[in-house]
Structures are given as C-alpha cells and as structure tokens.
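Structural characterization, general
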Amino acid sequence: MIPAEKVIVALDTQDPEQVKKILDALKGYKVWVKIGMELFYSLGPQVIQEAKDRDLKVFLDLKLHDIPTTVSHALQALMKHPVDMVNVHAAGGSEMLKMASSVVKSSVHKPLLIAVTQLTSTTQSQVNDEQHITGSLEESVVHYAQLARMSGCDGVVCAPQEVIAIKKICSPEFITVTPGIRPLGTSMNDQKRVTTPMDALRLGTDYMVIGRPITQNPSPLVALVSILKGS
Ligand code: C5P
C-alpha cells in the first residue's frame, strides 16, 4: 500500500475544466497536487485556492533560479498564497538558498523549501560536457543536496535511485521528492528512467510525483486508487 500523503499529483495542463475534474476526483484523498509553470502561468494563482478549497496540499513547482535578491523578492510575493511546498534550483548557490530559506521560514504559511538538484532529464554527458562538472551525475546530485541542506532547505527533488545516497550523507529526515514514477503497465511518456511507486517507496522516497499516469487516465480516481493499492 502506498500512503496517499506521499503522492503528489502533477497537474500539467492549461485546461481549467480538466483541472476542476481532477481536483474534484482527488477531493477526500490526502494526496498533494503539484502546480507547475504550465498551469500557474496559464490559469494564475487562483488555482492554488481551488486546490485548497478541496483540502488538498499544494506543491508550487516554479523552480526559481535567479540572483538572490530576485529570488527572495519573488518568494515574498508567492508567500501570499497558501502553499505547502515551494522550490528553487540548488545551482542558484548558497547565498540564494539562504535568502530563500529566510523568506519561507518567516512567512505565514511556512511551506517546505525544496531545492532541485539535477533535473531527471539531465544525462551524465550533459553534466560533464555541458555543465563542465567532473564526476558522476549522482555525485553532483548529492553535492547539491548537501549545499541545499547547509543553506536551510528542507529537502530536494531528485531521482528515486538517488534517495539512499542523499539520506546517508544529509540525514534520514532530509526530504526527497521524486518524479519519474510509473506504475507497471503504464506509458513511460518522455521519462527516461522510471521507477514503480512500490520501488520508490522501498528506496525511501518521502514524496512521489506522478502526473500523466493519473491525469491522462479517463478516470483519474481509478488510476489513483490503483496506485495506492500498490500497482
Ligand atoms: O507525467 P509525469 O509523471 O512524467 O510528470 C512528472 C512531473 O514531474 C512533471 O510535472 C515534470 O515537470 C516534473 N519533474 C520531472 N523531473 C524533474 C523535475 C520535475 O519529471 N527532475
């Protein structure tokens, strides 16, 4: 069984009717929803309240990455909204992460602050040849996780395969949020390396982000219930 509180449903759509249909289907379950750039930029902040009206927790996934002052001012503006988790890029550096942490911790709603390490779409050769970082992709992810932890973040976004190494170096309580989750028998879409919900749970992930396997199912609720049962 997968605890509902560990599931974050990615609402990647611009269609207000589809959003409403999915939010209504999820109402009554203790799952989270993820509002990313596509949805936030198309429908605006009111979608946060629509989720909260259905008692759903909200991960505002805008992946802020800019100079420290700009990120902290942007977060101050976002902190008006009742969100439960927000994120920034660890590559923004310790000064930016510390300022972000200070804004979030002194806000009214005090959401969890999560740092993106390496995107799960990034490959080993991109890390070495394009970012010019030596060493393995996992070493880079663990390094960013340590930086995020030392700078006051509550956790990181990473691949399920990286959870054990991150928890070992940072601490078991340091939160891991993992996309790239696919129940058996569902399409991989554009994800390259996928993990089943049960395997992600075994690897120790705190929150698993699942989008299309739920949102593109004709019945999002049937898909969710099947995932919670451990498919
Ligand atoms: O539909 P799917 O389950 O692939 O959705 C995964 C979600 O997680 C998408 O919103 C995607 O943008 C996000 N994500 C990801 N990989 C990352 C960070 C975020 O797939 N490294």
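Note: the structure precedes this text.
First, a word on what this report is: a plain description of the structure on this page.

**With respect to the site of the ligand**
Every one of the 14 residues lining the ligand counts as a neighbour, but Asp12, Lys34, Thr120, Gly211 and Arg212 are closest to it. Interatomic distance of 2.7 Å between a side-chain N/O atom of Lys34 and an oxygen atom of the ligand. Between Arg182 and the ligand, the recorded distance is 2.8 Å, taken from a side-chain N or O atom to an oxygen atom. Across the complex, the protein chains shield 85% of the 470 Å² of accessible surface that the ligand would expose by itself. Elements represented by at least two residues in the shell around the ligand include exactly strand 8 (207-210) and helix 10 (212-215). The residue inventory of the shell around the ligand, partitioned by class, reads six nonpolar, three polar and five charged.

**Points about the packing of aromatic side chains**
In total, this model carries two aromatic pairs according to the counting rule given. For the pair Trp32 and Tyr207, a centre-to-centre distance of 5.1 Å together with 70 degrees between the ring planes defines the contact as edge-to-face. Here Trp32, found in strand 2 (residues 32-36), pairs with Tyr207, found in strand 8; they are 175 residues apart in sequence, far enough to count as distant. Seen from their ring centres, Phe40 and Tyr41 are 6.4 Å apart, and the 65 degrees between their planes marks the pair as edge-to-face. On the basis of relative accessibility, which here comes to 59%, the residue Tyr41 falls in the exposed class.

**A look at helix 7 (residues 137-150)**
The terminal C-alpha atoms of helix 7 lie 20 Å apart, and with 14 residues this matches the ideal 20 Å at 1.5 Å per residue to within 8%. Among the residues making up helix 7, those that are buried are Leu137, Ser140, Val141, Val142, Tyr144, Ala145, Leu147 and Ala148. The elements touched by buried residues of helix 7 are helix 5 (94-105), strand 5 (112-116), helix 6 (124-130), strand 6 (155-157) and helix 8 (163-169). Of the residues trailing helix 7, Gly152 is marked for its positive phi of about 100 degrees.

**Section: the packing of helix 1 (residues 16-26) against helix 11 (residues 220-228)**
Each pair of packed helices gets described by two things: the angle between the helix axes and the distance between those axes. Helix 11 packs onto helix 1 with a crossing angle of 45 degrees between their chain directions and a minimal axis gap of 9 Å. Taken as axis vectors, helix 1 and helix 11 run oblique relative to one another. Two packed elements cross with a definite hand, and for helix 1 against helix 11 that hand is right-handed. Side by side, helix 1 and helix 11 meet where Lys21, Ile22, Ala25 and Leu26 of the first sit next to Pro220, Leu221 and Leu224 of the second.

Analysis parameters
- Residues numbered from 1 in each chain as written.
- Predicted model: local features only at pLDDT ≥ 70, side-chain atom pairs only at ≥ 80, totals over all residues.
- Heavy atoms only, no water.
- Near = heavy atom within 4 Å.
- Polar contact = N/O pair within 3.5 Å; in protein donor to acceptor, adjacent residues only side chain to side chain.
- Areas by Shrake-Rupley, 256 points an atom, 1.4 Å probe, with all protein chains shown as cover.
- Helix = DSSP H or I, 4+ residues; strand = E, 2+ residues; numbered from the N terminus.
- Nonpolar A, V, L, I, M, F, W, Y, C, P; charged D, E, K, R; others polar.
- Phe/Tyr/Trp six-rings, centres within 6.5 Å; stacked < 30°, edge-to-face > 60°.
- Buried < 20%, exposed > 50% of the residue type's maximum accessible area, 1.4 Å probe, protein only.
- Expected span 1.5 Å × (residues − 1).
- Contact = heavy atoms within 4.5 Å.
- Axes fitted to C-alpha atoms, helices over the stretch in contact; angles between N-to-C directions.
- Parallel < 35°, antiparallel > 145°, perpendicular 65-115°, else oblique.
- Left-handed = near helix turned anticlockwise from the far one by under 90°.

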